[in-house]
Amino acid sequence: MISLQSRLEASTDFLLGVELVSTRGTTVEPRAAKTVAFGRDLAGCNRIDWVSITDNAGGNPMLAPLALARPLRDAGRETVIHLSCKDFNRNALESEAWHLADQGFRNLLVLSGDNAGVGVSGGAKPVFDIDSVGLLTLLGRLSAGLDVTRPGAKQPAHLAPVPFYPGAVVTNFKLHENEVIPQLLKAERKIAAGARWFINQIGYDARKAHELIAWFRRRGHGAVPLIGNVYVLNPGVAKVFRAQRIPGVSLSDELAALCERQGASPDKGKAFFLELAAKQVAIYRGLGYRGGYIGGVHTLAEVERILELERSFAPDDWKQFAREIRFSRPGEFFCFAEDPATGLARPDELHPDYAASLRTRPATRNVTFTYRFSKFTHDLMFTPGKGLWNLGAKLCAGAKDPMQGPPGMHAVEHLGKSLMFGCKDCGDCSLPDIAFLCPESSCAKNQRNGPCGGTRDGKCEVEDFECIWSRAYDRLKHEGREEELLAHTPVLQDQKLRGTSSWANTWLGRDHLAAHNRSSKQESGTQELKK
């Protein structure tokens, strides 16, 4: 069996994957039995290159992916396991990664995950100890041979390397600039953290699909394999997508109306929707994506029909399909100018509105006095070797309790930050990382390495307020620093610092900022040695 990694990295084949959605209950449940049978059929289909198995999709409790993956493995089918951060802390994620590796599963789709759904006796408490960037960082350390040296040990100790092949998700199917650009910047941080391939989010706009691969190439990531997401619609799913009940997925009014009309046909639009999916596969192939990822299907007959239709198309038919499948929403942001000849993007030319905004950099309502004041105060107190840095470090180092600093300092810090930012006293402060917006009080998922993909037209998928990463982007763009939005990553918050003074932790080098600086210095030193 040729591995997915070899197929993506050592060939030019266009690969096809199919999503297998887990169900609730054991494999003897009738619904689960149908899923197992579908998986068995996929294992025997030579046109399918890999099967992808979900992890508690939608935040709902489901059968663990391994139960469905083992029969596929035994049948010789390459399998991708989804691994998300919503239900596990970092220790449980590490344990699960070891478990998957021990069972022979190295292909992982790394996700932050949807907010927790309803379980037994009500809603579950989401975890989000780390996010997708943090999990990719963790997997990178396992792949390199995890350092398990104990404090004070005379000899270093490392576990054997485990060669995971992690992928991630990226989306530019968003309405606003301050949603799209942070998502693209986060994709770069995922690559830096170890993502080897990407699947894009569900969307139905060929121009946006072209913009994504054009952006990857423009930024020097053209060698990173992109897989195009092809989700088969039906009238019911279209209504769910239109209502944005699936985080990160939207449907234009035009496409929603088309789905409703097709739903009135004798076959409820099934033939139309399968052909639409086949056209999307053809578009992704024509654009230079490395594969298609088919979801929303439940039988092998549906998969085979999509592939049969796609095979029947002429080589250049995808260009006409790309003109047809252009279901953007009014006012939607585009990075690149439109090519009037194709209806796709012009990768060598930014969209005129976007280019103009980069010249003028207007201040939005998110560029507030509180932000400017916070930035000034932070620079005064926490610039190493300047301002109040040396005094603060000296006072905290000499305090009776160095974790809290001099008497009363932590109380003053917490009161001030609570009034200004809703501080939760985490002790490992990310305010300077996110343009002085608190991820604990203002982000339902505590995202410290960039936005999740679940925003609905700029607003949080859980609460009815603007995403903090959109607000942070506006602030930095006004200053010409939007490229620095995620320069601080990766952040793996230290929960042992909760309830201690973040000021003291910064001055004395205990927080993630100090860890990031140490890591940067080590990398610089390594590069110097290589020279």
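Everything in this summary refers to the structure shown in the same document. (Residues numbered from 1 in each chain as written. Predicted model: local features only at pLDDT ≥ 70, side-chain atom pairs only at ≥ 80, totals over all residues. Heavy atoms only, no water.)

### Digging into the nonpolar core
Step number 1: Counting 118 residues, the largest nonpolar core has Phe198, Phe216, Leu233, Val303 and Ile306 as its most contacted members.
Step number 2: Considering each element in turn, this core owes the most residues, 10 residues, to helix α10 (residues 270-287).
Step number 3: Apart from the residues within four sequence positions on either side, isoleucine 306 is in contact with Val232, Leu274, Ala277, Ala278, Val281, Ile294 and Val297.
Step number 4: Listed in part, the 11 residues of the second largest apolar core include Val80, Leu109, Trp197 and Ile199. (Core = buried A, V, L, I, M, F, W, Y, C linked by side-chain atoms within 4.5 Å. Buried < 20%, exposed > 50% of the residue type's maximum accessible area, 1.4 Å probe, protein only. Helix = DSSP H or I, 4+ residues; strand = E, 2+ residues; numbered from the N terminus. Contact = heavy atoms within 4.5 Å.)

### Some details on the packing of α10 against helix α12 (residues 317-324)
Step number 1: Contact geometry for α10 and α12: axes closest at 9 Å, N-to-C directions at 115°. It follows that α10 is roughly perpendicular to α12 by the angle criterion. Between α10 and α12 the crossing geometry is left-handed. For the pair α10 and α12, contact is made by Lys279, Ala282, Ile283, Gly286 and Leu287 and by Trp318, Phe321, Ala322 and Glu324, respectively.
Step number 2: Classifying every residue of the contact of α10 with α12 by side-chain character gives 6 nonpolar, 1 polar and 2 charged. (Axes fitted to C-alpha atoms, helices over the stretch in contact; angles between N-to-C directions. Parallel < 35°, antiparallel > 145°, perpendicular 65-115°, else oblique. Left-handed = near helix turned anticlockwise from the far one by under 90°. Nonpolar A, V, L, I, M, F, W, Y, C, P; charged D, E, K, R; others polar.)

### Structural notes on the sheet that holds strand β2 (residues 50-53)
Step number 1: The strand order around the closed barrel built from 8 strands is β1-β2-β3-β4-β7-β8-β9-β10, with neighbouring strands paired in parallel fashion. Each adjacent strand pair in this sheet contributes to an overall mean axis angle of 30°, direction not counted.
Step number 2: Bridge analysis of strand β1 (residues 15-20) against strand β10 (residues 291-295) gives 4 bridges, and the strand direction is parallel. Within β10, the residue paired with valine 18 across the bridge is isoleucine 294. (Pairing = 2+ DSSP bridges.)

### Some details on the packing of helix α6 (residues 177-193) against helix α7 (residues 206-218)
A pair of packed helices is characterised by two quantities: the angle between their axes and the separation of those axes.
Step number 1: For the pair α6 and α7, the least separation of the axes is 12 Å and the interaxial angle reads 45°. Viewed along their axes, α6 and α7 adopt a mutual orientation that is oblique. For the pair α6 and α7, the crossing hand works out as right-handed. Along its contact with α6, which presents Val180, Leu184, Leu185, Ala187, Glu188 and Ile191, the element α7 presents Lys208, Leu212, Trp215 and Phe216.
Step number 2: Among the residues making up the contact of α6 with α7, the classes are represented as 8 nonpolar, no polar and 2 charged.

### Describing the side chain of asparagine 449
Step number 1: Examined against the element boundaries, asparagine 449 turns out to sit in the loop between α17 (439-442) and α18 (468-478).
Step number 2: On the basis of relative accessibility, which here comes to 0%, the residue asparagine 449 falls in the buried class.
Step number 3: Only 2.7 Å separates the side chain of asparagine 449 from the backbone nitrogen of valine 491, close enough to count as a polar contact.
Step number 4: Contacts of asparagine 449, omitting those with residues within four sequence positions, involve Asp131, Val133, Gly134, Lys186, Trp469, Leu486, His488, Thr489, Pro490 and Val491. (Polar contact = N/O pair within 3.5 Å; in protein donor to acceptor, adjacent residues only side chain to side chain.)

### Points about the pairing of strand β4 (residues 107-111)
Step number 1: Across the 5 residues of β4, 4 count as buried, placing the element largely inside the fold.
Step number 2: Pairing of strand β3 (residues 78-84) with β4, which is carried by 4 bridges, proceeds in the parallel orientation. If you follow isoleucine 81 over to β4, its bridge partner there is leucine 108.
Step number 3: For the segment spanning β3, helix α4 (residues 90-102) and β4, crossover handedness is right-handed.
Step number 4: Strand direction decides the pairing type here: β4 and strand β7 (residues 165-170), joined by 3 bridges, are parallel. (Right-handed = clockwise from strand over helix to strand, strands pointing away.)

### Here's the deal with the side chain of aspartate 205
Step number 1: With respect to the helices and strands, the residue aspartate 205 is situated in the loop between β8 (197-200) and α7.
Step number 2: Aspartate 205 gets classed as buried once you look at its relative accessible area, which sits at 5%.
Step number 3: With residues near it in sequence (within four places) discarded, aspartate 205 still touches Phe173, Ile325, Arg326, Phe327, Ser328 and Phe334.

### Things to note about helix α2 (residues 30-43)
Step number 1: The first and last C-alpha atoms of α2 sit 20 Å apart over 14 residues, in line with the 20 Å expected at 1.5 Å per residue.
Step number 2: Burial in α2 covers these residues: Ala32, Thr35, Phe38, Gly39, Leu42 and Ala43. One side of α2 carries all its buried residues, which in axial view fall inside an arc of 145°. For α2, the exposed residues set more than 90 degrees away from the buried face come down to Pro30, Lys34 and Arg40. (Expected span 1.5 Å × (residues − 1). Arc of directions from axis to C-beta.)

### Comments concerning the packing of aromatic side chains
When we look at a pair of aromatic rings, we describe it by the centre distance and by the angle of the planes.
Step number 1: Counted by the stated rule, this structure contains 15 aromatic pairs.
Step number 2: Relative to tryptophan 197, the ring of tryptophan 50 lies with its centre 6.1 Å away and its plane at 70°, an arrangement referred to as edge-to-face. With tryptophan 50 in strand β2 and tryptophan 197 in strand β8, this residue pair connects regions lying 147 residues apart in the sequence. The residues tryptophan 50 and tryptophan 197 share a single accessibility class, namely buried.
Step number 3: An aromatic cluster of three or more residues is present, and its members are Trp50, Tyr165, Trp197 and Tyr293.
Step number 4: For arginine 207, the ring lying beneath its charged end belongs to phenylalanine 334, and the centroid distance is 3.8 Å. (Phe/Tyr/Trp six-rings, centres within 6.5 Å; stacked < 30°, edge-to-face > 60°. Lys NZ or Arg CZ within 6 Å of the ring centre and 35° of its normal.)

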